[in-house]
Structures are given as C-alpha cells and as structure tokens.
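Descriptive structure summary
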Amino acid sequence: MKKLIPFALTIFTVILLSFQCQSTDNKELASDGCIDTSKIKTDAACYMIFDPVCGCDGKTYSNDCVAINSGVLKFVKGKCE
C-alpha cells in the first residue's frame, strides 16, 4: 500500500501535466484580438473535465481553463467544426 501512493501521485502528476497549455507565436491571431500573448500561461494547471470549447483561432480546447491559459480571448461552448 505504501508503494501505491507515490505511484498514484506520479500518475496523477503526469496526467495533469499532459493538459498544460502550449503557447502560440501566431502574430496574425494576436493582432486581430483573438490571442493575447501576455495571458499565455504554459505552467498553469487546469482541471481535467472534458467540456470542449471552440476558440476564435479555430482550435478545440478541452475546456475553458485550457483556452484561457492559452491566451484565447473569445471562445464558444462545443467543439470546432
């Protein structure tokens, strides 16, 4: 049982980190008010609830937290088409 706790924590950490946001260098999106590069937080942790949103950049994000921490300023509920 004592070995299971560190293993579970390691797995949880790996899963949590796999949902981290990635920054974008797309200056066109930044200039049209879609992405605010000053709001990109690559080290932010988001909850792992899958509730997709479609960003103004045409990308589907797993939830609003991921979109916000990617610097996306506008998004709507649901997957992008």
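Figured I'd write up the structure that's included with this text. Computed from a prediction, not measured in an experiment: that's the story for all the values here.

Our focus in this paragraph is the sheet that holds strand β1 (residues 53–55). Taken in spatial order, the three strands make up an open sheet running β2-β1-β3, and their pairing is antiparallel. Of all the strands in the sheet, just β2 (60–61) and β3 (75–77) have a single pairing partner and so form its edges. In terms of strand pairing, β1 meets β3 through three bridges, oriented antiparallel. Following the sheet pairing, glycine 55 is matched in β3 by phenylalanine 75.

Take the state of the cysteines next. Inspection of the entire model under this criterion finds three disulfides. Cysteine 34 shares a disulfide with cysteine 56; S-S distance 1.9 Å. Classification of the bridge connecting cysteine 34 and cysteine 56 rests on its S-S torsion, roughly 105°, and on that basis the disulfide is right-handed. One end of the pair, cysteine 34, is in the loop between α2 (27–31) and β1; the other, cysteine 56, is in the loop between β1 and β2, and 22 residues separate them in sequence.

Each value, and the rule that gives it
- Residues numbered from 1 in each chain as written.
- Predicted model: local features only at pLDDT ≥ 70, side-chain atom pairs only at ≥ 80, totals over all residues.
- Heavy atoms only, no water.
- Pairing = 2+ DSSP bridges.
- Helix = DSSP H or I, 4+ residues; strand = E, 2+ residues; numbered from the N terminus.
- Disulfide = S-S within 2.5 Å.

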